[in-house]
Amino acid sequence: MSAATTRSRARRAPALDRLCAEAVDLAREAAEEAAAPGVVGRYVEAVADGDRVVTHFFESAEPGYRGWRWAVTVTRASRAKNVTLDETVLLPGPDALLAPEWVPWSERLRPGDMGPGDLLPTEADDLRLEPGYSGDDAPLPNAAVSEEMTERADTEDAEFVSRTPSRGTIAAIAEELGLRRARVLSRYGLHTAADRWEEAYGAKTPMAQAAPASCISCGFLTPIGGSLGQAFGVCANEFSPADGRVVSLEYGCGGHSEAAVMPKPPRPAPPVLDSMGADAFSLRPTPEGGSVPDAPDVESEDLGHS
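Quick caveat: nothing in here was measured; it's all calculated off a predicted structure.

Caption draft 1: Representation of the side chain of Thr55. Locating Thr55 in the fold gives a position in strand E2 (residues 53–60). A polar atom in the side chain of Thr55 sits 2.9 Å from the side chain of Thr73. Setting aside residues no more than four positions away along its own chain, Thr55 makes contact with Glu45, Ala46, Val47, Asp49, Ala71, Val72 and Thr73.

Okay, here's the thing in structure tokens:
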């Protein structure tokens, strides 16, 4: 027998055993015994799993298990006519209703999912972070405060006093300035943050497209430090939809400080008082005015003087 013939026989599908295939009633009884009453449906098919090993499939009428099938495997010994039961399980069919594939929590978490009291740990090799300081002050492997020496001292039950100065070191200065953070944003972390902020409050949003001007010329824009300050700021306009949010300098809204400057209401001119000029007023009313009767002729009137 050639090697090719041997491989072809090894790869051939097992033949369907006649006695095992005919044991449909035995398979149904086993399925009904394992399942709840009335949930084993019509017979589907028989599949050969091996020599003298056959699995019978029945539809499942169980609510919530649409497309699932009861699988009952039967077998018989070589040269025996008695078919015996192997196992009974409920398996999903080709069109079964299945639960979605399990996804780790780190991949399911989305922005806004965290609530009060929730704790979100970060991985040690998180791509968004990088070391915050160089660590030049780390002790040498043979120093008294190194981890290797500490473990050795514990093993040998020895005691030592550290003489490493605590002041004047890079770590001490960084801690005093408030810069001693174990990790800071990496270039990848900066880019991902910028992409999120640009998508929410960037130049391509409908609000920015309809804005009269961009945030870079708005008086309500509060600058931020760091490299991201070259492209983003914080909105401080309480009437803006982005109040208190990080916005792109190319973002804009209708609350721009210079978009619609309201003119001041006009004020009347103050009265003009001329303190240098004088107006002449008659001390006596004139007859031409019509407000007094005709005055007597003083020259022709006899005043009683000689």
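Continuing now.
Caption draft 2: How the structure looks around the sheet that holds strand E8 (residues 232–235). Reading across from one edge, E7-E8-E9 is the order of the three strands in this open sheet, with antiparallel pairing throughout. In this open sheet, the two strands that pair with only one neighbour each are strand E7 (221–223) and strand E9 (246–248). Across this sheet, the average inter-strand angle for adjacent strands is 50 degrees, counted without regard to direction. Pairing of E8 with E9, which is carried by three bridges, proceeds in the antiparallel orientation. The partner of Gly233 across the bridge, within E9, is Val247.

Caption draft 3: Inspection of the environment of Asp243 at higher detail. Topologically, Asp243 is positioned in the loop between E8 and E9. Given the relative accessible area of 37%, Asp243 is considered partly exposed. Linking Asp243 and Leu221, residues 22 residues apart in sequence, is a C-alpha distance of 9.7 Å.

Caption draft 4: View of the nonpolar core. Residues Val40, Phe58, Trp70, Val72 and Val74 are the most contacted members of the largest nonpolar core, which totals 14 residues. For this core, the secondary-structure elements that each account for two or more residues are helix H3 (24–34), E2 and strand E3 (68–75). Not counting residues within four places of it along the chain, the set of residues in contact with Val74 comprises Cys20, Leu26, Arg52, Val53, Val54, His56, Val83, Thr84, Leu85 and Asp86. Listed in part, the nine residues of the second largest apolar core include Ala208, Leu221, Cys235 and Leu249.

Caption draft 5: Representation of unusual backbone geometry in the model. Positioned with a positive phi, Arg52 is a non-glycine residue whose angle comes to about 60 degrees. At Arg79, a residue that is not glycine, the phi angle is positive and equals roughly 65 degrees. Judged by relative accessible area, which is 84%, Arg79 ranks as exposed.

Caption draft 6: Structural context of the sheet that holds E3. One open sheet accounts for four strands, arranged E1-E2-E3-E4; its pairing is antiparallel. Lying at the two open borders of the sheet, with one neighbouring strand each, are strand E1 (40–50) and strand E4 (84–92). With direction set aside, neighbouring strand axes in the sheet form an average angle of 20 degrees. Bridge count for E1 against E2 is seven bridges, and the pairing is antiparallel. For Tyr43, the partnering residue across the bridge sits in E2 and is Phe58.

Caption draft 7: Just helix H7 (residues 187–200), in detail. Its 14 residues place the ends of H7 20 Å apart at the C-alpha level, agreeing with the 20 Å of an ideal helix rising 1.5 Å per residue. Listed as buried for H7 are Gly189, Thr192, Ala193 and Ala194.

Caption draft 8: Summary view of the pairing of E3. Where burial is concerned, most of E3 is hidden: eight out of the eight residues are buried. Of the two faces of E3, the one lined by Trp68, Trp70, Val72 and Val74 and the one lined by Arg69, Ala71, Thr73 and Thr75 are each fully buried. Taken together, the seven bridges between E2 and E3 define a ladder with antiparallel strand orientation. The residue of E3 that forms the bridge with Val54 is Val74. As paired elements, E3 and E4 share eight bridges and run antiparallel to each other. Paired with Thr73 across the strands is Glu87, a residue of E4.

Caption draft 9: Just H3, in detail. Residues Ala27, Ala30 and Ala31 constitute the buried set of H3. Seen end-on, H3 carries its buried residues on one side only, within an arc spanning 100 degrees. Structural note: H3 exposes Asp25, Glu29 and Glu33 on the side pointing more than 90 degrees away from its buried face. Contacts made by the buried residues of H3 are with E1, E2, E3 and E4.

Cut-offs applied
- Residue numbers run consecutively from 1 along every chain, following the written order of its sequence.
- At least 70 in pLDDT is required for a residue's local features to be given in this predicted model, at least 80 for side-chain atom pairs to be given and counted, and no such filter applies to totals for whole chains, interfaces and linings, which use all residues.
- Side-chain measures were taken over the full set of non-hydrogen atoms in the model, leaving aside hydrogen atoms and water.
- Think of it this way: any DSSP run of H or I at least four residues long counts as a helix, any run of E at least two long counts as a strand, and we number them from the N terminus.
- Pairs of N or O atoms within 3.5 Å make up the polar contacts considered here, provided that, within protein, one atom can donate a hydrogen while the other can accept it, and that residues adjacent in sequence are counted only when both atoms are side-chain atoms.
- Should any heavy atoms of two residues lie within 4.5 Å, those residues are counted as being in contact.
- Strands qualify as paired when DSSP identifies two bridges or more between them.
- Whenever a helix is involved, its axis is fitted only over the stretch in contact; in every case the axis is a line through C-alpha atoms, and angles between N-to-C directions fall within 0 to 180 degrees.
- The cut-offs for exposure are 20% and 50% of the maximum accessible area for each residue type, with area from a 1.4 Å probe on protein chains only; residues under the lower value are buried, those over the upper are exposed, and the others partly exposed.
- What we call a nonpolar core is a set of buried Ala, Val, Leu, Ile, Met, Phe, Trp, Tyr and Cys residues that are connected through their side-chain atoms within 4.5 Å.
- Between the first and last residue of a helix there are one fewer steps than residues, each counted as 1.5 Å, and that sum is the expected span.
- Relevant arc is that of directions from the helix axis to the C-beta atoms, nothing else.

So far we have only geometry, and geometry alone does not tell us how the molecule works.
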